[in-house]
Amino acid sequence: METLVINKTNYKKLKKLELNKDICNTESKLFILDNKVVKKLLKIFFINEGVYFGNKLLTINSLIDAKNEINIKELILPEKLVVVGDKVAGFSMPYINNYNLQLILSSKDIPISQKIKFLKEIGKIIEKIQYIKPYNKAFYLSDIHESNFIYDLEKKIVCAVDLDGCKITNNEPSPIKFLSTNKNVSKYPYKYPQKENNVYIPNSNTEYFCYMMMILNTISYDQINHLSESDFYLYLQYLKDLGFSHEFLSQFYTIYTNSNNKFEIDTLNEIPSNNNIAKAHYKVFKYNYKKYFN
């Protein structure tokens, strides 16, 4: 396994990558390594020992070894383990000049048509991964949410980042934000299975659950994954009243059922063409349906 060794003196001189205050990063620090020829981004974990870190190393090494088999340009994969002093501390990856999708999808200054274009690209990434089986096992992004995607300003494509949280080979699953913050999914243990430590096990249903929540969060300017089932269905009814089609909405109705989740990317086309899209904001919905929230 190739390693990038940095002595402690040079490590202290690295430039820290400052994230926007709205981008949450609780498990690591990010640094830029610039040798004037090529830039690399270094992810250095706060915890670099024990079971947690051992699982991270298994994930990172598995991704590096399987990079040719995975071969998806939209995935920003680890390149080398980073050794600081004499201790493995994290990994390196390509440095990309980018905008984070969380900032794009939540912005009221960016047209909905552009946001839908990006959401389509994310959907296509998820579709591609369904057919990849490194080590003859299912491969999942796992923790799918807005800030784990970026827009590459040079290549003009959407990419998935933070792949050290993915599900690959025999690694242990990592927490999935949209599932761990949702009280409803525990009612469907066969569809959204959990381990003994209450961490959800990724599968095709969890992937599309997260993707569909991203779509609803984008058009609502809110966190739809936090809604109760009854409020969730009420919001879908509101979208129906705004003119969204049965073909589009029926995909979301499966989320809290035992039916498998799936999403047809082309149905996103009706979002920017809907003349009532501005009324889809959750605050507008609550005002119009305020009699249900007494």
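Everything numeric in this text was worked out from a predicted model, so none of it was measured.

Student: Explain the overall build of the protein here, please?
Tutor: Within the protein, the secondary structure is distributed over 11 helices and 9 strands. A compact globule built from 294 residues should have a C-alpha radius of gyration of about 19 Å, and the protein, at 20 Å, falls within 12% of that. Over its C-alpha atoms, taken along the principal directions, the protein stretches across nearly 65 × 40 × 35 Å. Split into buried and exposed, the 294 residues of the protein put 50% on the buried side. For the protein, restricting intrachain contacts to residue pairs at least 6 apart in sequence, the fraction spanning at least 24 positions comes to 66%.

Student: Even after reading the chapter, I still don't get helix α5 (residues 112-130), so can you show me in this structure?
Tutor: Three- or four-residue spacings in an α-helix give side chains the same orientation, since the helix completes a turn every 3.6 residues. With 19 residues, α5 extends 27 Å from end C-alpha to end C-alpha; this agrees with the ideal 27 Å at 1.5 Å per step. Taken as a whole, α5 has its buried residues at K115, I116, F118, L119, E121, I122, G123, I125, I126 and I129. Considering only its buried residues, α5 is in contact with α4 (101-105), β8 (149-152), β9 (157-160), α7 (204-220) and α10 (270-273).

Student: So what exactly am I meant to see when it comes to the environment of Y211 here?
Tutor: Within the secondary structure, Y211 is located in helix α7. We classify Y211 as buried; its relative accessible area is 0%. Along the sequence, Y211 and I265 sit 54 residues apart, while their C-alpha atoms lie 11 Å from each other.

Student: In this structure, what is going on with the sheet that holds β9? I would like to understand it.
Tutor: Pairing between sheet strands relies on hydrogen bonds along the backbone, with the strands arranged either parallel or antiparallel. Spatially, β7-β8-β9 is the arrangement adopted by the 3 strands of the open sheet, whose pairing is antiparallel. On the outer flanks of this sheet lie β7 (98-100) and β9, each paired with one strand and no other. Across the sheet, the axes of successive neighbouring strands diverge by a mean angle of 30°, strand direction being ignored. Two strands pair when backbone bridges link them, and β8 and β9 are joined in this way by 4 bridges, in the antiparallel orientation. Looking at β9, one finds that Y151 is bridged to V158. Helix-sheet contacts for α5 involve β8 and β9, and the interaxial angle to β9 is about 50°.

Student: Is there a simple way to think about the packing of aromatic side chains in this case?
Tutor: For any pair of aromatic rings, the description consists of the separation of the ring centres together with the inter-plane angle of the planes. Tallied over the full model, the rule gives 21 aromatic pairs. The interplanar angle of 75° and the centroid separation of 5.1 Å between the aromatic rings of F232 and Y256 together place this pair among those described as edge-to-face. In this pair, F232 is assigned in helix α8 (residues 229-241) and Y256 in the loop between α9 (246-253) and α10, connecting sequence segments 24 residues apart. Its relative accessible area of 0% is what places F232 among the buried residues. On the basis of relative accessibility, which here comes to 3%, the residue Y256 falls in the buried class. Look at Y233 and Y253: their rings are 5.7 Å apart centre to centre, the planes differ by 10°, and that puts the pair in the stacked class. Residue Y233 is located in helix α8, and its partner Y253 is located in helix α9; the two are separated by 20 residues in the primary sequence. Feature note: the residues Y188, Y192, F209, F232, Y233, Y253 and Y256 constitute an aromatic cluster, connected by ring pairs.

Student: What's the story with the sheet that holds strand β4 (residues 39-45) in this structure? I'm lost.
Tutor: One open sheet accounts for 6 strands, arranged β1-β5-β6-β4-β3-β2; its pairing is mixed. Of all the strands in the sheet, the pair left with one neighbour each is β1 (3-6) and β2 (15-16). By the bridge criterion, 7 bridges tie strand β3 (residues 28-34) to β4 in an arrangement that is antiparallel. By the bridge assignment, S28 is partnered in β4 with F45. This element, helix α2 (residues 50-65), spans β4, β5 (80-84) and β6 (87-94) of the sheet and lies at about 40° to β6.

Student: It is not clear to me how the pattern of salt bridges should be interpreted in this structure. Could you clarify?
Tutor: If charged atoms from side chains of opposite charge come close, those side chains can pair. Scanning the model with the defined rule gives 11 salt bridges in all. Between D164 and K43 there is a salt bridge, with the nearest N and O atoms lying 2.9 Å from each other. Of this pair, D164 sits in the loop between β9 and α6 (177-180) while K43 sits in strand β4, placing them 121 residues apart in sequence. Looking at D164, the relative accessible area reads 1%, which means it is buried. K56 is paired through a salt bridge with D164; the nearest N and O atoms lie 2.7 Å apart. Note that K56 is positioned in helix α2 and D164 in the loop between β9 and α6, a separation of 108 residues in sequence. Taking the relative accessible area as the measure of exposure, K56 reaches 5% and is therefore buried. Several salt bridges share partner residues, and in doing so they unite E27, K43, K56, D162 and D164 into one network.

Cut-offs applied
Residues numbered from 1 in each chain as written. Predicted model: local features only at pLDDT ≥ 70, side-chain atom pairs only at ≥ 80, totals over all residues. Heavy atoms only, no water. Helix = DSSP H or I, 4+ residues; strand = E, 2+ residues; numbered from the N terminus. Rg over C-alpha atoms; globule rule 2.2 N^0.38 Å. Buried < 20%, exposed > 50% of the residue type's maximum accessible area, 1.4 Å probe, protein only. Contact = heavy atoms within 4.5 Å. Expected span 1.5 Å × (residues − 1). Pairing = 2+ DSSP bridges. Axes fitted to C-alpha atoms, helices over the stretch in contact; angles between N-to-C directions. Phe/Tyr/Trp six-rings, centres within 6.5 Å; stacked < 30°, edge-to-face > 60°. Salt bridge = Lys/Arg side-chain N within 4 Å of Asp/Glu carboxyl O.

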